[in-house]
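Listed here are the chains, written in short residue letters.
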Amino acid sequence: MTHHIKTYNQIANAGLSLLDEQYKVNAADADPDAILLRSHSLHNEPLPSSVQAIARAGAGTNNIPVESFTEQGVVVFNTPGANANAVKELVLSCLIASARNLFSAITWTNSLKGSTNVAQQVEANKKAFIGNEIRGKKLGVIGLGNIGSVVANDALSLDMDVVAYDPFVSVDVAWMISRNVQRVHNLEELLATCDYITIHVPLSEKTTGFIDEKAFKAMKKGIQFINFARGELVDEQALEAALKDGTVGKYITDFPNDRIFELENVVAIPHLGASTLESEENCAVMAATQLKNFLETGNIRNAVNLPNIDLPLTSPGRLTIMHKNVPNMVGQISTLLAERAFNIADMVNRSRGSWAYTLIDIDNKLTDPEAVDILNRLQNIEGVVRARHIANGWHK
Ligand SMILES: NC(=O)c1ccc[n+]([C@@H]2O[C@H](COP(=O)([O-])OP(=O)(O)OC[C@H]3O[C@@H](n4cnc5c(N)ncnc54)[C@H](O)[C@@H]3O)[C@@H](O)[C@H]2O)c1
Ligand SMILES: O=C(O)[C@H](O)COP(=O)(O)O
């Protein structure tokens, strides 16, 4: 069976090359089974009904309307942690570069091009760029996930005091965090005491404008704020006011736009957080592997809308059913299978929030018409948004 994949953005070859002879990538004449992308926005784009899965080679999925695609039976994957080191290294470099006024100092030095006595001018004017050391300064990390946690740990090894705020920190991350990272349970406590703040939370309806006027008002004067998460987490009007009144001494952002770019004391980086060869490869390999696993076996790892599920495919065939998490779903599905005299060899049902996913391995080798018939019946159950049949090509 050939799976058709549509890609957007530059996806590293290390990932694309995993899509072997069973796959066709960007075939013009075929409906895609899945989409592999980075930051391309799928909001306001029609989604072909053939698409069963979307893999985001990266962390943020705010470019994908996850809720409405879930209603259409689409599994959405991302690649947690695959680009965390790349972002961490850039955040730490910006922290130091900002403390030492490197951005403005280099801009000034470049302005000397074509003039004479450059060496003398440098020595005469360098006092304008005296900086600070970060040792002993306080860094606030908002969001202790894959990126925030490694930023926090490594900032400690640069002798900074580190405080962090994340009311939803995961158990896995909690194990990795140094006990010297001081956790605060109140964002204002972090805002009021830090010299530097870096934010690493996902953009969602809940976090849009998260750093608002009230948050800026709580900050220490002259704070340096680093945003490698998403521009929309910060209320632009409030930011503009905070830059003008000196609350924010410097705003370093990976997400410049027309308005922000014009403001004084903004350092604008062209969304380079994850742009290293290593990170692009990690993300592409992880995304392609997860997509392949899902298309070939129905198993799920690192979806943002469905639970992980891993059942080895050993029977002649498998039915995968994505459905609402409501009572008696498994009962209705197994009744349907019993009516067609299908024998269930194995079965897993898992839920996540209001959605659930059921894998049923059957002992029967289905003909194409039998498969179409059972899929139609399953999809007619209220609350089922997609059913698939996977024939096990390896089964003897
Ligand atoms: N600039 C880049 O190139 C780049 C690269 C990777 C990720 N990102 C952005 O950074 C974000 C974080 O990435 P990650 O890999 O660390 O994600 P992650 O999912 O591992 O971590 C996010 C953390 O934020 C926490 N969080 C959620 N809501 C919060 C809130 N209201 N207050 C405090 N904490 C909250 C979560 O509990 C979680 O621990 C991504 O969603 C993406 O938008 C940007
Ligand atoms: O969320 C992410 O992973 C980053 O913003 C990286 O985006 P990119 O893949 O477009 O570089």
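Residues numbered from 1 in each chain as written. Chains lettered and ligands numbered in written order. Predicted model: local features only at pLDDT ≥ 70, side-chain atom pairs only at ≥ 80, totals over all residues. Heavy atoms only, no water.

Novice: Whenever I open this one, the domain arrangement of the protein confuses me. Can you help?
Specialist: It is common to give the size of an interface as the accessible area that goes away when the parts come together. In terms of domains, the protein is made up of domain 1 (1–83 + 274–305), domain 2 (133–268) and domain 3 (306–396). Taking the mean C-alpha position of each, domain 2 and domain 3 sit 45 Å from one another. (Domains from an automatic or database assignment.)

Novice: I would appreciate a short explanation of the UniProt feature "domain: ACT" (unreviewed entry) in the protein in the present structure.
Specialist: What UniProt calls "domain: ACT" (unreviewed entry) maps, in this numbering, to residues 318–392. With 31% helix and 43% strand, residues 318–392 has its two end C-alpha atoms placed 8 Å apart. (UniProt positions renumbered as here; feature names shortened; annotations may be inferred. Helix = DSSP H or I, 4+ residues; strand = E, 2+ residues; numbered from the N terminus.)

Novice: How should the site of ligand 1 be read in this particular structure?
Specialist: Surrounding ligand 1, one finds 25 residues, the nearest of these being Asn146, Ile147, Asp166, Phe228 and Asp254. Within the contact set of ligand 1, an oxygen atom lies 3.4 Å away from a backbone nitrogen or oxygen of Phe168. Contact distances for ligand 1 include 3.3 Å between an oxygen atom and a backbone N or O atom of Ala229. Summarising the interface, the protein chains cover 86% of the accessible area of ligand 1, which totals 860 Å² for the free molecule. For the shell around ligand 1, the class distribution of residues is 14 nonpolar, eight polar and three charged. Taken domain by domain, the shell around ligand 1 gets at least three of its residues from each of domain 1 (1–83 + 274–305) and domain 2 (133–268). (Near = heavy atom within 4 Å. Polar contact = N/O pair within 3.5 Å; in protein donor to acceptor, adjacent residues only side chain to side chain. Areas by Shrake-Rupley, 256 points an atom, 1.4 Å probe, with all protein chains shown as cover. Nonpolar A, V, L, I, M, F, W, Y, C, P; charged D, E, K, R; others polar.)

Novice: Quick question: what am I supposed to make of the pairing of strand 6 (residues 138–142) here?
Specialist: Where a strand is regular, its side chains alternate between the two sheet faces. Buried residues dominate strand 6, accounting for four of its five residues. As judged from the five bridges shared by strand 6 and strand 7 (residues 161–165), these two strands associate in the parallel manner. When the sheet's bridge partners are listed, Gly140 is paired in strand 7 with Val163. Read as a crossover between parallel neighbours, the route from strand 6 over helix 6 (residues 146–157) to strand 7 is right-handed. Relative to strand 9 (residues 196–199), strand 6 is paired through four bridges, and the arrangement is parallel. Residue Gly140 lies in a different strand from strand 9, and its bridge partner there is Ile197. (Buried < 20%, exposed > 50% of the residue type's maximum accessible area, 1.4 Å probe, protein only. Pairing = 2+ DSSP bridges. Right-handed = clockwise from strand over helix to strand, strands pointing away.)

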